[in-house]
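Topology and contacts: notes
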Amino acid sequence: MSLEFDSKIHKTLADARLQQAIYTATGRFKDARLKVVAQDVLPEYQELRAQANALKKHTIDHLDHYLEQFQSQVEAHGGKVVFCQDAAAVADFVLTLAKERGARLIVKSKSMTTEEIDLNERLEHHGLEAVETDFGEYILQLARERPYHIVAPALHKTRYDVAEIFEQRLHIANETVIEKQAAIARAALREKFLAADIGISGANFLVADSGAVVIVENEGNARLATSAPRTHIAIAGIEKLIPRAQDLATFLKLLARSATGQPLSVYTSFLSGPRREGEIDGPDEFYVVLLDNGRTRLLENPARRQSLYCIRCGACLNACPVYRKIGGHSFPWVYSGPIGAILTPQFMGAAHEPGLPFASSLCGACAEVCPVKIDIPKVLLELRADAPHNRWESLAFRVFAWLMRHPRAYELAGRVAASLVSSEGVRWIRSAPGLLNFGPIRAWLAERDLPPPPAHTFRELWRRR
Amino acid sequence: MARRVSLFVTCIVDQLFPQIGMAMAEVLERLGFAVAFPQAQTCCGQPAFNSGYRQEARQVARHFLEVFENCESIVVPSGSCTSMVVHHYAELFADEPRTRSRAVSLAARVHEFSSFLTEVAGVEDVGARFEDVVTFHDGCHALRELGIRSAPRRLLANVRGLELRELEPREECCGFGGTFSVKFGELSGAMARGKAEAIIQTGAKTVVSLDPSCLMQIQGALSRAGLSIRTLHLAEVLASR
């Protein structure tokens, strides 16, 4: 584990106000989800999950086919599909287009994919203004922070935190009423929507048979961002594809329920192509940027391919006892929680944060709530098996395996350890300044007691019966 | 003729909590089972498997197979160790079809203690008496990997003098997670404190679980909070009268 990871965890655990904020917000989502997937409300819930899993598996196994179909459908409707290998390619495409169109101002709706490739920073670096229009994202852009949660990016901010940010960045003092804060953002953003040259969105689903980009949201900002500016660019990972429009009947029932506990989100937009003759709304140009950024590499491993099934609902974060303690910013990359713990090593390489796959008690709460049934603990275990092993730990497990295959030696070792780690021994270890009282042992004993070793092991008691 | 069961007591019970193993044997014998303890048993290999040492886990698993292969029913006082054998052995031997099929056939005969009583032996009342207010902690692997929810509750409901008060939240991890508690000791401790708070809310004097390791973790948090609430394995409660 890196020192940085360790210290972020420590800091978050020590911040009582933050602990409360995370626990309350995730708890609210958790309870809301439970209500709308309950047996009497949605009896077909488990069936839907199985269907969603099968659909995702099928799509990811035949991705080449569906990518081609999607592309030809988008083009048939007058749009363009652009394939990008990585973050730099996306930035190049947007910058070139902005230059050709003489664009300066870009409005954005919420998109984890653009967070993944640091798009805002890349655009700003070249003199473009990119404004986040989702309320939570807007707050975080002002605060210059990255999202804390996949669905609720500003989950860690209380209204008092927001008041402080508004005072510093917008010079509006002392506004702690949430509705008024929202009104301030709305007024500022309305001007941006009207003046923007380009709108950039993400996508929740890309429908292969109709060429539609599907976006779900609650605020209406995505509708404005994708229809008011002359140019709309949707940026999405290639795994967002689904085969048919009718498959949305499965996915839309699951997405909002799993994310926020709503039966459906407030707005569901189906965008296919630029404005047509006779239509009053919509952009003149419609682009869909399909991003790889490491995704095809994940396809190589059939067991881990399921990591690409994720529909970014965030349910696993809300269910995760680790996320609920260490929060989003302790995680080393934009994707946090259980899904972040399996995506980060696979996208960024294990060395990005070697401790990440191990930061789990393997309780399985994530897999239980995942609407597409990703077996996150199983993938974590695979990533652990692939992780570079520490020399001393390797030696310890070799000794362990040898002992466990030799019952007599195991028994003897157990008795020797017991006499060393008597309760006297533990007291001695705790007070010893040197060798034994180091990091992991000290931390372990700080929170729990090794029970005083019994006078006899079970096998000894059994022999005496 | 008495039905025969073999105990896999797990390394943690053998070394640290022998009284849990003895209690389990006592309950089973009281129900008329002939109880055997294969002496060559050690560990299921989960510590190595969960830490990413598959080769080492496989070696230990192979030993387990050899020790228990000829046993009819194997009863385990741990949901977590049961799940290791039942769910992960097949995966460990994915590339060795013959060993894999041995592991799969063995897995069908390995039972967590409470579900053995209710599902295999068909017993819900073992004739126990335990005068106390207790709460029950669901170990995550028993709960989510083995789907054990009602078995321990049905057994507790038939214990005379016992009042069960459920935790709220009910299905949250205690934070142990094996080597997780070593690698992330502070975080694991914070999770245990949350569990301890939920336990205090119930007003129970005893915490019961199917997993000794969860109980060890929870005991640590309870005693650090200065509380005299005790932790007991279900077998210990069922053995008392």
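Residues numbered from 1 in each chain as written. Chains lettered and ligands numbered in written order. Predicted model: local features only at pLDDT ≥ 70, side-chain atom pairs only at ≥ 80, totals over all residues. Heavy atoms only, no water.

Time to look at the pairing of strand β7 (residues 231–237) of chain A. Residue and element names in this part refer to chain A. Counting buried residues in β7 gives 7 out of 7 residues, a clear majority hidden from the surface. With burial as the criterion, each face of β7 is covered, one bearing Thr 231, Ile 233, Ile 235 and Gly 237 and the other bearing His 232, Ala 234 and Ala 236. Bridge count between strand β4 (residues 198–201) and β7: 4 bridges; the pairing is parallel. Opposite Ile 200, over in β7, you have Ile 233 as the bridge partner. (Buried < 20%, exposed > 50% of the residue type's maximum accessible area, 1.4 Å probe, protein only. Helix = DSSP H or I, 4+ residues; strand = E, 2+ residues; numbered from the N terminus. Pairing = 2+ DSSP bridges.)

Attention shifts here to the pairing of strand β5 (residues 129–137) of chain B. All names here are of chain B. Within β5, 7 of the 9 residues are buried, which leaves the element mostly enclosed by the surrounding structure. As judged from the 4 bridges shared by β5 and strand β6 (residues 160–164), these two strands associate in the parallel manner. Looking at the pairing, Val 134 lines up with Leu 164 of β6. Note: β5 against strand β7 (residues 206–209), 4 bridges, orientation parallel. Following the sheet pairing, Val 134 is matched in β7 by Thr 206.

In this section: the interface of chain A and chain B. If you look at the interface, chain A gives 61 residues, while chain B gives 66 residues. In total, about 5500 Å² of surface goes out of reach between chain A and chain B, with carbon and sulfur atoms giving 61% of it. A salt bridge links Glu172(B) to Arg324(A); the shortest N-O distance between them is 3.3 Å. With 8 residues, helix α19 (residues 391–405) of chain A is the largest single contributor of residues to the side of chain A that touches chain B. Considering only residue class, the side of chain A that touches chain B consists of 32 nonpolar, 11 polar and 18 charged. (Contact = heavy atoms within 4.5 Å. Buried area = accessible area lost by both parts, 1.4 Å probe. Salt bridge = Lys/Arg side-chain N within 4 Å of Asp/Glu carboxyl O. Nonpolar A, V, L, I, M, F, W, Y, C, P; charged D, E, K, R; others polar.)

Residues and elements named next belong to chain A. Counted under the stated rule, the structure contains 3 cavities of 30 Å³ or more. Taken together, 18 residues make up the lining of the largest cavity; nearest its centre are Cys 320, Val 322, Pro 338, Ser 360 and Cys 366. At the level of elements, α16 (337–348), α17 (365–369) and α18 (376–386) are the ones that each hand at least two residues to the lining of the largest cavity. Among the elements that take part in the lining of the largest cavity, α16 stands out by supplying 3 residues, more than any other. Along the lines of polarity and charge, the residues of the lining of the largest cavity split into 14 nonpolar, 4 polar and no charged. The space that makes up the second largest cavity amounts to roughly 90 Å³. In this structure, the second largest cavity is lined by 13 residues; those nearest its centre are Cys 310, Cys 313, Cys 316, Cys 370 and Pro 371. Per-class residue counts for the lining of the second largest cavity are 11 nonpolar, 1 polar and 1 charged. (1 Å grid on protein atoms, 1.4 Å probe; cavity = no way out; pocket = protein on both sides within 12 Å on 5 of 7 lines; lining within 4 Å. Points joined across faces, edges and corners; volume = space filled by probe spheres on them.)

Another point: the packing of aromatic side chains. The full count for this structure, using the stated rule, is 17 aromatic pairs over all chains. Ring geometry for Phe93(A) versus Tyr287(A): centroids 5.4 Å apart, planes at 70°, classification edge-to-face. Residue Phe93(A) is found in helix α5 (residues 87–101), and its partner Tyr287(A) is found in strand β10 (residues 285–291); the two are separated by 194 residues along the sequence. Taking relative accessible area as the criterion, Phe93(A) reaches 17% and is therefore assigned buried. Pairing Phe397(A) with Tyr53(B) gives two aromatic rings, centres 4.6 Å apart and planes at 25°, and the pair type is stacked. (Phe/Tyr/Trp six-rings, centres within 6.5 Å; stacked < 30°, edge-to-face > 60°.)

Attention shifts here to the domain arrangement of chain B. Residues and elements named next belong to chain B. The domain architecture assigned to chain B consists of domain 1 (4–118) and domain 2 (125–239). Taken residue by residue, the interface counts 28 residues in domain 1 and 22 residues in domain 2. For the pair domain 1 and domain 2, the two sides together bury roughly 2000 Å², of which 67% comes from carbon and sulfur. Our enumeration of links across domain 1 and domain 2 arrives at 0 salt bridges. Where domain 1 meets domain 2, there are 10 residue pairs in polar contact (both at pLDDT 80 or more). Those elements that provide at least two residues to the side of domain 1 that touches domain 2 are α1 (11–15), α2 (18–30), α5 (79–92) and α7 (113–120). No other element matches the 7 residues that α2 contributes to the side of domain 1 that touches domain 2. (Domains from an automatic or database assignment. Polar contact = N/O pair within 3.5 Å; in protein donor to acceptor, adjacent residues only side chain to side chain.)

The next subject is the sheet that holds strand β3 (residues 129–132) of chain A. Residue and element names in this part refer to chain A. The strand order across the open sheet formed by 6 strands is β1-β10-β7-β4-β2-β3, and the pairing between neighbours is parallel. A single partner strand is all that each edge strand has here, and the edge strands are β1 (80–84) and β3. On average, each strand axis in the sheet is inclined to that of its neighbour by 25°, with strand direction left out of account. Two strands pair when backbone bridges link them, and strand β2 (residues 105–108) and β3 are joined in this way by 4 bridges, in the parallel orientation. Looking across to β3, one finds that Ile 106 is bridged to Ala 130. (Axes fitted to C-alpha atoms, helices over the stretch in contact; angles between N-to-C directions.)

Take helix α10 (residues 178–195) of chain A next. Residue and element names in this part refer to chain A. Taking 1.5 Å per residue, 18 residues should reach 26 Å; α10 reaches 26 Å between its end C-alpha atoms and fits that length. For α10, the full list of buried residues reads Gln 181, Ala 185, Leu 189 and Phe 193. Along its buried surface, α10 packs onto β2, β3, α8 (135–143), α9 (159–170) and α11 (221–227). (Expected span 1.5 Å × (residues − 1).)

Here we take up the sheet that holds strand β8 (residues 230–233) of chain B. Residue and element names in this part refer to chain B. The strand order β6-β5-β7-β8 describes an open sheet built from 4 strands, whose pairing is parallel. Every other strand in the sheet has two partners, leaving β6 and β8 as the edge strands with one partner each. Taking each pair of neighbouring strands and ignoring which way they run, the sheet shows an average axis angle of 40°.

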